Every structure is written in C-alpha cells, then in structure tokens.
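For reference, the chains in residue letters:
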Amino acid sequence: MGFDEVHQMDITGDGVDETVGVRRNEDGSVEYHVDVDGDGTADLLAVDKDGDGVIDHVLVDHDGDGKYDTVAVDADGDGELDAVAEK
C-alpha cells in the first residue's frame with residue numbers, strides 16, 4: 001500500500017486497536033487510512049491537505065463495501081469538521 005508508517009491505536013474508543021497507515025504525499029498532504037473492522041481495507045480516510053496537523057476532510061465507508069459513503073469537511077479551515085454529505 002505504500003505507507004510511510006503503520007500504527008496500532010484505538011481510534012474508535014472501543015478498547016480495540018485499529019490499524020492506521022500513514023502516507024505522506026509529495027504535495028505536503030498527509031493521509032491516514034484506518035482499518036476499523038480488521039479486514040485489511042481502510043474504512044476511514046482522514047486527510048490533512050496541507051500537512052499542518054489539522055484534518056481537513058474525512059471519508060467513511062460505513063457498510064464495508066470498499067466505497068466511501070460519507071464525507072465530512074472542514075469547510076472554513078477552523079479545525080472542526082462542519083459539513084457532512086452522505087452518498
């Protein structure tokens with residue numbers, strides 16, 4: 001998958017560690033690919049588009065079909081996700 005780092009951490013707060021692959025892109029953006037259900041496929045993708053440590057948007061695959069169903073975006077750049085769209 002080409003990750004720069006792979007970590008085990010409890011992202012969901014359920015006491016079970018998820019696998020998080022970190023990819024640092026040439027444009028300065030950072031992607032966090034999170035496998036929530038342990039099937040080897042990311043269920044959540046969080047993107048820091050400018051590498052400032054603040055997540056700019058999150059894509060979520062709720063039904064495990066490999067396609068992202070929901071996107072949450074920090075539309076005004078204040079560090080809080082404030083717009084959500086379901087596909």
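Notes on the structure in this doc start here. Quick caveat, the model's predicted, so the values are computed rather than measured.

Moving on to the overall build of the chain. A tally of regular secondary structure across the chain gives zero helices and seven strands. Walking the chain from its N terminus toward its C terminus, one meets helices and strands in the order β-β-β-β-β-β-β. The C-alpha atoms of the chain give 13 Å as radius of gyration, which agrees with the globular expectation for 87 residues (12 Å, within 12%). Its C-alpha atoms give the chain principal-axis dimensions of roughly 35 × 30 × 25 Å.

A few words now on the pairing of strand 6 (residues 70-73). With four bridges connecting them, strand 5 (residues 57-60) and strand 6 associate as antiparallel partners. Bridging across to strand 6, His57 finds its partner in Val73. Pairing of strand 6 with strand 7 (residues 83-86) involves four bridges; the strand directions are antiparallel. If you follow Ala72 over to strand 7, its bridge partner there is Val84.

Below, the discussion takes up the environment of Asp48. Topologically, Asp48 is positioned in strand 4 (residues 44-48). A relative accessible area of 2% places Asp48 in the buried class. Sequence-wise, Asp48 and Asp35 are 13 residues apart; in three dimensions their C-alpha atoms are separated by 18 Å. Sequence-distant contacts of Asp48, that is, excluding residues within four places in its chain, are made with Gly28, Ser29, Val30, Gly53, Val54, Ile55 and Asp56. At 3.0 Å, the side chain of Asp48 forms a polar contact with the backbone nitrogen of Gly51.

Turning next to the pattern of salt bridges. When charged atoms on two side chains of opposite charge get close, those side chains can pair. Applying the stated criterion across every chain, the model contains two salt bridges. Close ionic contact of Arg24 with Glu5 constitutes a salt bridge, the shortest N to O distance being 2.5 Å. Of this pair, Arg24 sits in strand 2 (residues 18-24) while Glu5 sits in strand 1 (residues 5-9); the two residues are 19 residues apart in sequence, bridging distant segments of the chain. Residue class for Arg24 comes out partly exposed when judged on its relative accessible area of 45%. The class for Glu5 is partly exposed, based on a relative accessible area of 27%. Ionic pairing is found between Glu31 and Arg23, a salt bridge with its closest N-O pair at 3.2 Å. Judged by relative accessible area, Glu31 falls into the buried class, the value being 18%.

Let us now look at the side chain of Glu31. In this fold, Glu31 is placed in strand 3 (residues 30-35). In contact with Glu31, not counting residues within four places along its chain, are Gly21, Val22, Arg23, Asn25, Leu45, Ala46 and Val47.

Criteria and thresholds
Residue numbers restart at each chain and count upward from 1, following the sequence in its written direction. Under the rules for a predicted model, residues below a pLDDT of 70 receive no local features and side-chain atom pairs below 80 are neither given nor counted, while totals for whole chains, interfaces and linings still include all residues. Water and hydrogen atoms play no part in the side-chain values, which are based on all heavy atoms of the structure. Only DSSP runs of H or I covering at least 4 residues are called helices, and only runs of E covering at least 2 are called strands; the numbering of each starts at the N terminus. C-alpha atoms define the radius of gyration, and 2.2 Å times the number of residues to the power 0.38 defines the globule rule. We treat two strands as partners when DSSP finds at least two bridges between them. Only protein chains enter the area calculation, which uses a 1.4 Å probe; residues under 20% of their type maximum are buried, those over 50% are exposed, and those in between are partly exposed. Pairs of residues are marked as contacts when any of their non-hydrogen atoms sit within 4.5 Å. The definition of a polar contact used here is a pair of N or O atoms within 3.5 Å, where within protein one atom must be able to donate a hydrogen and the other to accept one, and adjacent residues in sequence count solely through side-chain atom pairs. Salt bridges are counted wherever a side-chain nitrogen of Lys or Arg sits within 4 Å of a carboxyl oxygen of Asp or Glu.

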